[in-house]
Amino acid sequence: NRDARWLLAKTSLELGEWQKAERDALLAMGLGIPRAEALPVLARALLQQGNTDRLLTETSTLPNDASKSTQATMLSLRGAALLLKSDANEARIQFERAEGLDPDNPDVLLGMAQLHVLRADFEPARTLLEKALAQTPDLADGWSLLGDLELEQGNFEAAENAYDKAISARTY
């Protein structure tokens, strides 16, 4: 049943079972879950597995019926994959496209913050992270990046606090 398969995909993603999330997202799409709805789950599962090339292939064409927020999320996941491939310039293009669609999207804010951290431009990164975390307090990757930023600046207590929050926010 497509709804059961879709629920399994989302639950597997939340539990950190990336391969199961990938498999079930693909099966759910095959059973009729709209691509615009399932693609973010599939892309997150692929990203977590480090399967950047496949993520970039699967998201090379965004669904026409996807909302601006979903499109921004997808572009941000593409940007994250490109960062993993050490292509910061192309990643920046993806994040900027995403920002144009939905500037308050937590994935967009996190991606833009990552770009600033890579350039050791910490204050704009901190501002973006604070905005993302104010909207989405359980954004584990945001807390983790804030911990990295604090550590880089020698703020060890603040880094430990941010890492603690990242661990608490993780569901897996």
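Predicted model, so just to flag it, every value in this text is computed and none were measured.

Asks: Teacher, can you tell me more about the overall build of the protein here?
Replies: If you tally the helices and strands in the protein, you get 10 helices and 0 strands. Shown N-terminal to C-terminal, the secondary structure of the protein runs as helices and strands in the order α-α-α-α-α-α-α-α-α-α. Computed over C-alpha atoms, the radius of gyration of the protein comes to 16 Å, within 12% of the 16 Å expected from 2.2 N^0.38 for 172 residues, which places it in the range of a compact globule. For the protein, the spread of C-alpha atoms along the three principal axes comes to 50 × 30 × 25 Å. Sequence separation of 24 or more characterises 50% of the internal contacts of the protein that already satisfy a separation of 6 or more. When the accessible surface of the protein is summed, it comes to about 8800 Å², and 49% of that surface belongs to carbon and sulfur atoms. Between the mean site of the 18 positive side-chain charges and the mean site of the 27 negative ones, the protein shows a separation of 7 Å.

Asks: Hey, could you run me through the packing of helix α5 (residues 68-84) against helix α7 (residues 106-118) in this one?
Replies: Axes are the key here: two packed helices are described by the angle between their axes and the distance separating the axes. Orientation of α5 relative to α7, taken along the N-to-C sense of each, is 30 degrees, at an axis distance of 8 Å. By the angle between their axes, α5 is roughly parallel relative to α7. α7 is crossed by α5, and the crossing has left-handed handedness. In contact with Ala72, Thr73, Ser76 and Leu83 of α5, α7 contributes Asp107, Val108, Gln114, Leu115 and Leu118.

Asks: Sorry, what's going on with helix α8 (residues 122-135) here?
Replies: Because each turn of an α-helix spans 3.6 residues, side chains separated by three or four positions end up pointing in the same direction. The end-to-end C-alpha distance of α8, which contains 14 residues, comes to 20 Å, matching closely the 20 Å that a straight helix rising 1.5 Å per residue would cover. Every buried residue belonging to α8 is among Phe122, Ala125, Arg126, Leu128, Leu129, Ala132 and Leu133, and all of these are buried. Seen end-on, α8 carries its buried residues on one side only, within an arc spanning 165 degrees. Seen from the open side of α8, the exposed residues pointing more than 90 degrees away from its buried face are Thr127 and Ala134. The elements touched by buried residues of α8 are α7 and α9 (140-152).

Asks: Is there a simple way to explain the environment of Glu90 in this structure?
Replies: Mapped onto the fold, Glu90 is located in helix α6 (residues 88-101). Relative accessible area serves as the criterion here: at 30%, Glu90 is assigned to the partly exposed category. Separated by 11 residues in sequence, Glu90 and Gly79 place their C-alpha atoms 7.3 Å apart.

Asks: Would you mind going over the pattern of salt bridges with me for this structure?
Replies: Close approach of charged atoms lets side chains of opposite charge pair. Inspection of every chain in the model, using the stated rule, returns 13 salt bridges. Here Asp24 ties to Arg23 by a salt bridge, and the two come within 3.2 Å at their closest N and O atoms. Residue class for Arg23 comes out partly exposed when judged on its relative accessible area of 42%. One salt bridge connects Glu150 with Arg126, and the closest N-O pair in it is separated by 2.5 Å. With Glu150 in helix α9 and Arg126 in helix α8, this pair connects stretches of sequence that are 24 residues apart. Where salt bridges share partners, they join Arg5, Arg23 and Asp24 into one cluster.

Rules behind the numbers
- Residues numbered from 1 in each chain as written.
- Predicted model: local features only at pLDDT ≥ 70, side-chain atom pairs only at ≥ 80, totals over all residues.
- Heavy atoms only, no water.
- Helix = DSSP H or I, 4+ residues; strand = E, 2+ residues; numbered from the N terminus.
- Rg over C-alpha atoms; globule rule 2.2 N^0.38 Å.
- Contact = heavy atoms within 4.5 Å.
- Areas by Shrake-Rupley, 256 points an atom, 1.4 Å probe, with all protein chains shown as cover.
- Lys, Arg positive; Asp, Glu negative; His and termini not counted.
- Charge placed at Lys NZ, Arg CZ, Asp CG, Glu CD.
- Axes fitted to C-alpha atoms, helices over the stretch in contact; angles between N-to-C directions.
- Parallel < 35°, antiparallel > 145°, perpendicular 65-115°, else oblique.
- Left-handed = near helix turned anticlockwise from the far one by under 90°.
- Expected span 1.5 Å × (residues − 1).
- Buried < 20%, exposed > 50% of the residue type's maximum accessible area, 1.4 Å probe, protein only.
- Arc of directions from axis to C-beta.
- Salt bridge = Lys/Arg side-chain N within 4 Å of Asp/Glu carboxyl O.

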